[in-house]
Amino acid sequence: MRVCGKLTSTGEVVTLTLERNKITHIHNGALPADIGDSSVWLSAGFNDIQLNGYGGEDFNLDAWGSAAEVGHNLPLLFEKVAKSGTALLCPTLTTNSAEAICQALRNLSELLNAERTFANRVVGIHVEGPYISEEDGPRGAHPLEHVRNPDWEEFQRFQEAAEGRIRILTLAPELPNALPFIEKVVESGVVIALGHTGADVSVIRDAVHAGATLATHLGNGAHSLIRRHPNYIWEQLAHDSLYASLISDGHHLPASVLKSMTRAKGAERTVFVSDAVALGGLPAGVYMGGRYEVLPTGKIVLAGTPYLAGAGHLLDTCLANALAMTDLTLAQITASASANPARVLGLEGTRGHIRVGYSADLTLFKLPIEEGTPLKIEATLCAGEVIYRAKATSVEPREK
Ligand SMILES: [Zn+2]
């Protein structure tokens, strides 16, 4: 198969030859191709390392109560996510009972064992919680009754249910015994991310020394009022050994904060994530017996309040926002959703770049014409397989 496009990294037009699951040749210039042409941007496939659900489907079990609006149709969820240009992802499970987390992990494992196309797309499972702060603010929307202290035995049970696929664990480092726990988890090959934390700055420092390498959705899952400095946000921004994931959905971080944080972390250490939830992408309205509301803008709130109850946009929107709100270039923004997450996960030798011998994970897109609208995704490929392709738009004359 041949794929043609303009590299986001350099602006050069290239034609890639794909054989089986890999990129086997890169030709400078446009050749007749099965997918793409010189007018579309070509990036290494977008990789969303924090995605809980979307379009009414959830990787989690019972995260929203037993409401009828949310299902657990994982193949459908993978299909919806591919439309946003997301080739790779870390399905994300949040704070819940041990039974619910293990069951959700087993369900996912069963699918990945049965379907290679989904297994290729999952670069690891992200478990966010349950070892997080119980304080209002840092806890975010995670249920208080299931928040608990780090427990190595329990984490082993999670990893067993996931058949070893858990690659990121988000926790609060101020919890009892968190530091030796972090060391142990890192030694087992799992990335420790700091998040939903209210830790003192010295504890953040200790956690980084213990091996934490990522700050999860920095600036969210935090107190609404904190000491101006020092505090855990500045501390995580300043640590050069910490990557930061940022939710650039336009609702979780104001534009000035997003711009400042990406400048502080730099293009090399920024990772854009959707953190999308099951209500994302659903029509505006009230859901879950009146508890949550999806606004016409796609913002998800606790009904009748301004409080966010999850993120509702995928990377096609988040990256378009990042382009509009920060001074990162298109090359840097697409790297922040491909090369950088691959580096966080230790996959930089095989994924996250358009190079000969690398996995053929590709996203082809056009830039939005209007600010505030998503990238126009033309095609998404994972391991050489086309997982989404936009229908050719018919050129009918517009009505007057
Ligand atoms: Zn979170």
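This text goes with the structure placed above it.
This text gives an overview of the structure that appears in the document. (Residues numbered from 1 in each chain as written. Predicted model: local features only at pLDDT ≥ 70, side-chain atom pairs only at ≥ 80, totals over all residues. Heavy atoms only, no water.)

### Brief notes about the sheet that holds strand β15 (residues 270–273)
Strand pairing within a sheet occurs via backbone hydrogen bonds; the two strands may be parallel or antiparallel. The strand order across the open sheet formed by eight strands is β5-β9-β10-β11-β12-β13-β14-β15, and the pairing between neighbours is parallel. Every interior strand has two partners, whereas the edge strands, β5 (46–51) and β15, have only one. Taken strand by strand, helix α9 (residues 315–325) contacts β5, β9 (86–94) and β15, and its axis lies near 135 degrees from that of β15. (Pairing = 2+ DSSP bridges. Helix = DSSP H or I, 4+ residues; strand = E, 2+ residues; numbered from the N terminus. Contact = heavy atoms within 4.5 Å. Axes fitted to C-alpha atoms, helices over the stretch in contact; angles between N-to-C directions.)

### Digging into the pairing of β5
Extensive coverage of β5 is indicated by the burial of six of its six residues. Pairing between β5 and β9: four bridges, direction parallel. Each residue of the ladder has a partner; that of Leu 51, found in β9, is Pro 91. (Buried < 20%, exposed > 50% of the residue type's maximum accessible area, 1.4 Å probe, protein only.)

### Here's the deal with the environment of Ile 23
Secondary-structure assignment places Ile 23 in strand β3 (residues 22–28). The class for Ile 23 is buried, based on a relative accessible area of 1%. C-alpha of Ile 23 to C-alpha of Ala 114: the two residues are 91 residues apart in sequence and 25 Å apart in space. If we ignore the near neighbours within four places in the chain, the residues touching Ile 23 are Thr 17, Leu 18, His 353, Ile 354, Arg 355, Val 356, Gly 357, Tyr 358, Ser 359, Ala 360 and Leu 362.

### Considering the packing of aromatic side chains
Tallied over the full model, the rule gives seven aromatic pairs. With a centroid separation of 5.9 Å and 50 degrees between ring planes, the pair formed by Phe 46 and Phe 365 is classed as tilted. In this pair, Phe 46 sits in strand β5 while Phe 365 sits in strand β19 (residues 362–366), placing the two residues 319 residues apart along the sequence. A single burial state applies to Phe 46 and to Phe 365, both of which are buried. Consider the rings of Phe 155 and Phe 181, whose centres lie 6.2 Å apart with planes at 80 degrees: the pair is edge-to-face. (Phe/Tyr/Trp six-rings, centres within 6.5 Å; stacked < 30°, edge-to-face > 60°.)

Any link to function would need more than the numbers given here.
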